[in-house]
Amino acid sequence: MSWNSNPNGGGQGSNRKNVRCNNQDFDITGLSGVALTERLKAIARDNDISKFDIYDSLNTNLDATQIEAGNFTGDLTIVRFNVAAA
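Presented here is a report on the structure given in the accompanying data block. (Residues numbered from 1 in each chain as written. Predicted model: local features only at pLDDT ≥ 70, side-chain atom pairs only at ≥ 80, totals over all residues. Heavy atoms only, no water.)

Observations concerning the overall build of the protein chain
Note the cut-off: For the purposes of this entry, the term helix denotes a DSSP run of H or I that reaches at least four residues, the term strand denotes a run of E that reaches at least two, and both are numbered from the N terminus. Any residue under 20% of the maximum accessible area for its type is buried, any over 50% is exposed, and the rest in between are partly exposed; the area is computed with a 1.4 Å probe on protein chains only. Here, two residues are considered to be in contact whenever any of their heavy atoms come within 4.5 Å of each other. With residues, only the protein chains shown are counted as cover, and all accessible areas are computed by Shrake-Rupley using a 1.4 Å probe.
When its secondary structure is counted, the protein chain shows 2 helices and 5 strands. Helices (α) and strands (β) of the protein chain occur, in sequence order from the N terminus, as β-β-α-β-β-α-β. The buried share of the protein chain, taken over its 86 residues, is 23%. Contacts spanning at least 24 positions in sequence make up 44% of the contacts within the protein chain whose residues lie at least 6 apart. Counting only carbon and sulfur atoms, one obtains 46% of the accessible surface of the protein chain, whose full area is about 5800 Å².

Brief notes about the pairing of strand β2 (residues 24-27)
The condition is simple: Pairing between strands is defined by DSSP: at least two bridges between them are needed.
Judged from the 4 bridges that link them, strand β1 (residues 18-21) and β2 form a sheet pairing that is antiparallel. Bridged to Arg-20 within β2 is Asp-25. Counting the residues between successive antiparallel strands, the hairpin from β1 to β2 contains 2 residues, one of them, Asn-22, with a positive phi of roughly 55°.

What to know about the side chain of Asn-47
Rule in force here: Identification of polar contacts relies on pairs of N or O atoms within 3.5 Å, with a donor-acceptor requirement for protein atoms, meaning one able to donate a hydrogen and the other able to accept it, and with residues adjacent in sequence counted only if both atoms are side-chain atoms.
Here Asn-47 is to be found in the loop between α1 (33-46) and β3 (52-55). On the accessibility criterion, Asn-47 (14% relative accessible area) is buried. A polar side-chain atom of Asn-47 sits 3.3 Å from a polar atom in the side chain of Asn-22.

A look at α1
Let me state the cut-off plainly: One less than the residue count of a helix, multiplied by 1.5 Å, gives the span that helix is expected to have.
A rise of 1.5 Å per residue sets the reference length of α1, with its 14 residues, at 20 Å; its end C-alpha atoms lie 20 Å apart and thus fit the reference within 8%. Every buried residue of α1 is accounted for by Gly-33, Leu-36, Thr-37, Leu-40, Ala-42, Ile-43 and Ala-44. On the buried face of α1, the contacting elements are β1, β2, β3, α2 (64-69) and β5 (76-80). At the exit of α1 stands Asp-48, carrying a positive phi of roughly 55°.

Re the sheet that holds β3
For clarity, the cut-off: Between N-to-C directions, angles span 0 to 180 degrees; the directions come from axes that are lines fitted to C-alpha atoms, helices contributing only their stretch in contact.
Judged by pairing direction, the sheet is mixed, and its 5 strands sit side by side in the order β2-β1-β5-β3-β4 without closing on themselves. The open sheet has two edge strands with one neighbour each: β2 and β4 (61-62). Relative to the sheet, α1 contacts β1, β2, β3 and β5, its axis offset from that of β5 by approximately 45°.

Read these as geometric descriptors, not functional statements.
Next up, the structure:
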């Protein structure tokens, strides 16, 4: 197994994880469980998003329990919940 020693990312040995929100990537590498869900909430809040859905790289809609358990694939995306469409 190769480790990426470049803190700026890149390379195939990278174990970096990101979440995309408002067309920006935020680093969530090393976070898991409740710390990860709290970081996702903080990112959404910092982007003025109060209601949101979270998707993984397979476009699976995730809930907090799945995220805390690590039951997702790849990077995550925060999508503003469209109240008008509901």
